[in-house]
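# Summary of structural features
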Amino acid sequence: MEVLVDNSGEDAVKKNGINAKTSPGVSGDSVKKSSRFAKPTVSSANRVSASTRNAPASSSVSDSSSNRLRSSSTVSSASPASTRGLVRRNSIGDIQRRPGSASANAASPATSEGARPSRRASLPSSINLPEQKKPAVPSVTGTRQESLRKTASKSLASSPRGSSNSSSESSIKKLSPSPSTATKPRSSSLLSTSLSAGSGSFRKMPCSPLSATSPTVNSGSKARSSSSSVEKGSSATSARRNVSTPDSRDSRFIVLPQVETKVGDDVRLDLRGHRIRSLETGGLNLSPNLEFVYLRDNLLSSLEGIEILKRVKVLDLSFNEFKGLAFEPLENCKFLQQLYLAGNQITSLATLPELPNLEFLSVAQNRLKSLAMSTQPRLQVLAASKNKIVTLKAFPHLPLLEHLRVEENPILEMAHVEAASILLVGPTLKKFNDRDLSPDEVELAKHYPPHTALCIRDGWEFCRPELAADSTFRFLFEQWKDHMPAGYELKEASVDQPFEEDACHCHFVFTKDRMLTTEFDLVLKYQWFIGDRTPTNFVPIEGAVQEVYWPKHEEVDRVLKIECTPILRETEYPPIFAISTPVSPGTGCPKVVNLRVEGDLVEGNVLRGIAEVAWCGGTPGKGVASWLRRKWNSSPVAIIGAEDEEYRLTLDDIGSSLVFMYTPVTEEGAKGEPQYAMTDFVKAAPPSVSDVRILEDAVEGNAIVGVGEYFGGKEGPSKFKWLRENKETGDFTVVSTGTVEYSLSKKDIGLRLMFVYIPINFEGQEGESASAVTDVVKQAPPRVSNLKIIGDVREGNKLSVSASVTGGTEGSSRVQWFKSSSSKLEDKISLEALSTSKIAKSFRIPLGAVGYYIVAKFTPMSPDGGSGEPAYAISEKAVETLPPSLNFLSVTGEYSEGEILTASYGYIGGQEGQSVYNWYLHENETDPGTLVFEASGLLQYHITKDAICKFVSFKCIPVRDDGMVGEPRISMGQERVRPGSPRLLSLQILGECIEGSTLHVEKKYWGGNEGQSIFRWYLTDSDGTQHEIKGATTCEYTLSSKDIGSLVSVSCEPVRNDWAHGPIVTSECIGPVLPGRPSCVSLEFHDEMIEGKRLTFIAAYSGGEKGDCIHEWFRLKDDGSKEKLGCDEFHDLTYEDVGGYIELVFIPIRKDGMQGKPKTIVSTLICPAEPVGLELIIPECFEDKEVVPVKSYFGGKEGHGEYTWYKSSRRLQETDIMGTPRANADVHIVGNKLTYVPRLNDVGAYLALHWVPARVDGRLGKPIVAVSKTPVSPALPVVSDVHVKEVSTGVYLGCGKYYGGFEGPSLFSWYKETTEGTMFLITDANSMTYEATDADYNCRLLFGYTPVRSDSVMGELLLSEPSNVVFPELIKLQKLVLTGKAIEGEVLTAVEVISESDAQQLVWNKYKKEVTYQWSFVSEVDGLLSYETLPLQCSSYKLRLEDIGRCLRCECIVIDVFGRSSEPLHAISDPIVAGVPKIDKLEIEGRGYHTNLYAVRGVYSGGREGNSRIQWLRSMVGSPDLISIQGEVGRMYEANVDDVGYRLVALYTPLREDGVEGQSVSASTEPIAVEPDVLKEVKDRLEMGAVKFEVLRDRDQSSKPETLAGGLERRILEVNRKRIKVMKPGSKTSFPATEIRGTYTPPFHVEIYRNDQHRLKIVVDSENEVDLMVQTRHMRDLIVLVIRGFAQRFNSTSLNSLLKIET
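Every chain begins its residue count from 1, and numbering advances along the sequence as written. Side-chain atom pairs in this predicted model are given and counted only at pLDDT of 80 or more, local residue features only at pLDDT of at least 70, and totals for whole chains, interfaces and linings cover all residues. Derived side-chain values reflect all non-hydrogen atoms in the structure, with water molecules and hydrogen atoms excluded from consideration.

### A look at the sheet that holds strand S10 (residues 338-340)
This is how it is decided: Strand pairing is assigned whenever DSSP detects at least two bridges linking the two strands. Each helix is a run of H or I in the DSSP string that is no shorter than four residues. Each strand is a run of E no shorter than two, and both are numbered from the N terminus.
Taken together, 8 strands build an open sheet; the order of strands is S7-S8-S9-S10-S11-S12-S13-S14 and the sheet is parallel. This sheet does not close on itself; its edge strands, each paired only once, are strand S7 (268-270) and strand S14 (431-432).

So this is what it looks like as structure tokens:
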């Protein structure tokens, strides 16, 4: 629907200084092109009423800052009798007056014209208005095209009668500042004829999607009844309250509905102004079917009874007596879309229920102090102007609100109330207080914390954004503090900026009172929620109960809420919360948040690398994982093949730490930064052995071997034992040790042996033993030697074998024969058996062995059935074959036609190939014969008719598979082939059983050559009687009319060519015989072939009784196509037939409907008739309008007739033209064509036309004359091609083409059109030229041209198309300068230089909006420069590493406030050179213990980095001295016990790849501490006072530290508080011996080896030192720290000082 909002009034008139004086060219009414928004639907009656209505402020001009104007598309029309003198509120609450009936009737003729799309507006002529001066150029309201024309025509009709009444005059006097101007008569301007019912301009507001059923004012009798009702109650209403005055009902703020008239009374109820006090009063006719209910201007104070309106959509309760209203009855109105409550005394909306379909709510001009109400999920417009709203507390959740109006409320005194509304409503809000949102307020709202809206709803006092964060936190803290655990204070409650699929942390910080003593810690429980941006409608996220949450893709642009519940002991306190900003889309580049390695660091275990990845909006992919092995004091090395998240520890990993590196990669290919996690050192597993087994068979004489899979570090001297079973006891006794092999002897036969494996590692640790037992040892089986094959290897020969058997007495040995394609016995499994295993040793070579080698398998057998190892022998050559031949050939079968002969033969001579078979037919036995092709290659022959009386032979040529051909053999038949008995295999009749058709016999004969077979045809009547057709003795028969209705059959007796007869065969009957098709025997035309004649035809029919035959007429065209003319029995020849041919198609049809074959006949050429002019009329003539006479012609194709036009001041007679017109001086010839265009000098004269018709062949007819009835009329003054040209900058010229007689003093006007489409008349602009001013910028100019003829006849106003947008001079830059050095790391800044001209300085200072920059780098390809855009778009650019060597280009474009862009200007820098190398943010990563790995990291800049130098140093705490660590120059460093108490320092010297060196930068760690587990153990050992350690020492004292472990001996290291001693332990043959002894007096010290974690050196003095080895690094560190601890105590240094720990 459309809602009209009046934005004008008395204040608006005064503000603009417009008086009521009628001035030429001055109107000031703003113009809106309503055609862009809604198509007007104004009835003629409504236009009449609108044209005569004079509003009090009809000449007011809306302020330039007023809102957009839209004309109403519906206006009430009331009858004059019922509306005279009636004061009635309009649809928006204003008081409007209706004029008398006289003016209304006078306006009706002018408004009866239909609307047509045009820019013209008919203005009243000045010569017809004696009381008026020169007419003023009207202002325009509504569309430029339609409204101008309508309103001008209304003014023309109403002006002569003096439409200005007393009320309008009084209004003018009030508005006029000068008494003299008020007395002058005022003509009706176009503004007074506006389509709107109220005064001023109007706004169309979208209130409901029910545009198709938008309310309109009643018309007819319904309008009169409602008007009278209003009149009766108007006085009482005014006395009851003063809201009926225009001031109290300010239509700018009160929005009321228009009454729907397009629906029936069953769904609409209009009871406005009926003084109704209760809805439960009888006679109201409230029913559930009502959809539009209007109860405005009544005395209602309660909603009781409204609940019956269950389907109501529009409910108007404005201007009643509601006060403390209870809205509960509205709960049943679920379909309510628009609710109007304006003009009551409502104080609260708290009881207003949630209405699921409510879209528009008007509560203006009430006594509301707040807008607290239930949530309205679909509310779009909330009008709450002119209330007493002082707070936004409890503001409802309105998720779809677009328009909010709170004008004239105390709340507007609050600063930035618009920004607060934006925060409360959210992004759906489009307008505030009937205007677009202020960009400043929108930007200001973005600076408030996300939870601001919640605080506002709870009553927080709105403040400036820079104070909002602290203020809202204090506000929330005051709400929470009484419900927090005692002794705890909340310091922070916040949440990070959330990004898609990235870790979002919440921060809830509590401080504990120092005076509080409790054993329990405060526990925080979390729950994440997701909600709208408002922020409201939070829903808990399932499973999101941690301190960190990862927003999902579907949660982008939504808001997160985290609730934190404090728990102390077992008491849960009320939760507190924090609100996030909307979730931002991810960058798409993943990153690792946490990386760890799980699993025991013991050889053989599986380690699993677990990475927590933030995918940041990318599609999760499979990351790149790798494992690296880092040995002691060396760099990590990648483990080949270890590229999964899981890795099983191997022997190579013992003593090394593993590094797990992981690089996250998305499915789109985006890679994140790689991260690594490092483990401690891998330990060896305890020694063990598995899969112990014994190889080789347990047979006498074999050597068996014991094997097993060792596991558990490096294997040392493991032990092996062989034990033999004792049959009597079952025990096993040792028979051999120290070896894994054992040879079986006769002693072992019948017994079992056991192999025992005792694993021992490199350190001497012994594991659990494992064993395996053999089967019972068997005696050695018999064996074969000297195996040979005896015999000739040819097809069919016998072979035998000979062999020597050893190993006892031979039993029944067995032989099996095989064939092999190879001459060598390489693969015995692939041998193909030729026989089974038999005792017989001879064998006959079969055919299948030809071409193969013969293999004999000899299996020796002992007498007890035992078998030995089989032996094989192969023949020396392959089996040879015999030549192919046949040993027999025969043919069987009966030699008679139709029988089958079969050949058989016997083949010898290798494998048969494709032998050749052929059958021959012979005239006699000596004849060579004829080949039967269809039987070639077959062993069978089916005797056909061709073989009768001939001999048959079969020939076979044997062929071997290798292609060798043998001798052929032939088998000849002993008798000739006999023919078969004649017979018919099939007999049937072919053809249609229709009269006139010919039937044919189809048969299939068999039995020799056919002779003259005998045929007989038969007819069978309907009663079954059959009789032969005489004379029908051939294989064909033609049906006649006598045969109709009978069945037809035929019989055939087969006869062979030797006169042998076969059995007679009769076919099946066909039919019955049907009558034949109808046909046309002859067809011919009758009559002459001349235009105008009637053409008929004569047709002769045959084919049964004639029915309704069809005859179709066609016209044959030149292109070969046909045009159907009809189906009558005749055809009248017309002009279209002339020169062509007529075709008749006759279709014969039998009476029973059967249609025959069409017959066609074509006529001769059609000749034309004599030319005749039948009619000639001259229509009404106008100036410059072509006169086209109405004429009709007959007589063939019309040619070029003779036309003569005459003009005369008097009306001529036909005789004047047919005689001698040239003799008459008053008659002039003006044309000789068919048409004539009267010119200006023809106006007032009569025209006549003399026409001589002519045929196309030149034949003339009788002339004919026509004379015009009226003289030529002049044309109306019009103007065309109205347009605007820009002559120079800011100067415009209006142009147009005048037409319509001689031009008089035409009128000119200028308009400007804003970007919103509103048009304004430019005062004092009444010439053809116009110079634009500042007020015209960003607008379009329109030129108005009103043509006036020399006789003062005025034409319609025509507006030009809008010009281009008027802008000031475009900003132009003189040049662009780059400041700064072209060195990496420096900043280049673009500086614009503008012209010093006044115009450029003005547009730069006044109209410049922004300056945009685009950086790019220059590259050259094939001599052409190209520019690659960089993402930076600001004036400054910091040079990067990638820019070195490039020339940077900055392009600058200035954009003014009108959105125009200046010509781009660019500047190019010099090539960028590398900066001085330097390192920033240098830091050392590590855990701080002496066993950890440390890495140095920093950000390098200054060209491409070369081999920068890194040196690791130690620094004593409190000392400036640095101690260099020799050999440590890598990026990673592994600490050791020598670093305990020192700070590790990394000195980083950046070095560019070209050798340029930068300034060195250092970073240090905290003092290195001892690993806690080691520290505890050291303290325990030191407290004991004396400790012993088992160590190893090189057996050869001169050996270097690199001596292998195999040359080590055990030693005992004794350490106490005073001395240290290394002892060699005693044995059975020696006593313990002390090798090194000494105290801790300097130069005593202990050294470690960085390249060996197991060695250490103890130096007592320059002559006494010892190298020792331990099993693990842990043991080495423990020994070194204990020794150093005792040494420090010996030298009066505390243990804490030694270990560098705080006391």
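### So, the nonpolar core
Just so we agree on the cut-off: Among buried residues, those of type Ala, Val, Leu, Ile, Met, Phe, Trp, Tyr and Cys that are joined through side-chain atoms within 4.5 Å constitute a nonpolar core. When a residue's accessible area, from a 1.4 Å probe over protein chains only, is under 20% of the maximum for its type it is buried; when over 50% it is exposed; and in between it is partly exposed. What makes two residues a contact is simply this: any of their non-hydrogen atoms within 4.5 Å.
Ranked by size, the top nonpolar core spans 95 residues in total, and within it Leu 315, Leu 361, Leu 382, Phe 508 and Trp 528 carry the most contacts. Setting aside its immediate chain neighbours within four residues, Leu 315 contacts Val 293, Ile 306, Leu 309, Leu 330, Leu 336, Gln 338, Leu 339 and Tyr 340. By size, the runner-up hydrophobic cluster in this structure holds 41 residues, among which are Trp 1404, Tyr 1407, Leu 1448 and Ala 1467.

### A short note on the packing of aromatic side chains
Each aromatic ring pair is described using two quantities: the centre-to-centre distance and the angle formed by the ring planes. Defined as follows: The rule is short: rings of Phe, Tyr and Trp, with Trp giving its six-membered ring, pair when the centres are within 6.5 Å, and they are stacked under 30 degrees, edge-to-face over 60, tilted in between. Geometrically, a charge over a ring is one whose NZ (Lys) or CZ (Arg) sits within 6 Å of the ring centre while staying within 35 degrees of the ring normal.
A full pass over the atoms with the stated rule returns 37 aromatic pairs. Ring geometry for Tyr 1337 against Phe 1458: centres 6.3 Å apart, planes inclined by 75°, an arrangement best described as edge-to-face. Taken together, the positions of Tyr 1337 in the loop between strand S75 (1329-1331) and strand S76 (1340-1346) and Phe 1458 in the loop between strand S83 (1447-1456) and strand S84 (1465-1468) put the pair 121 residues apart, joining distant regions of the chain. Grouping aromatic residues by their ring pairs yields a cluster made of Phe 720, Trp 722, Tyr 742, Phe 755 and Tyr 757. A cation over an aromatic ring shows up here: Arg 1446 above the ring of Phe 1417, its NZ or CZ 3.6 Å from the ring centre. Above the face of the Tyr 1427 ring, Arg 1449 is positioned so that its terminal group lies 4.2 Å from the ring centre.

### Looking at helix H15 (residues 1572-1584)
Our working definition: Expected span of a helix: the number of residues minus one, times 1.5 Å. Directions from the helix axis toward the C-beta atoms define the arc.
End to end, H15 covers 19 Å across 13 residues, agreeing with the expected 18 Å (1.5 Å per residue, within 8%). Buried residues of H15: Val 1574, Leu 1575, Val 1578, Arg 1581 and Leu 1582, and no others. Burial along H15 is one-sided: seen end-on, the buried residues are contained in an arc of 130°. For H15, the exposed residues set more than 90 degrees away from the buried face come down to Asp 1573, Lys 1576, Glu 1583 and Met 1584. Looking at the residues trailing H15, positive phi occurs at Gly 1585, about 90°.

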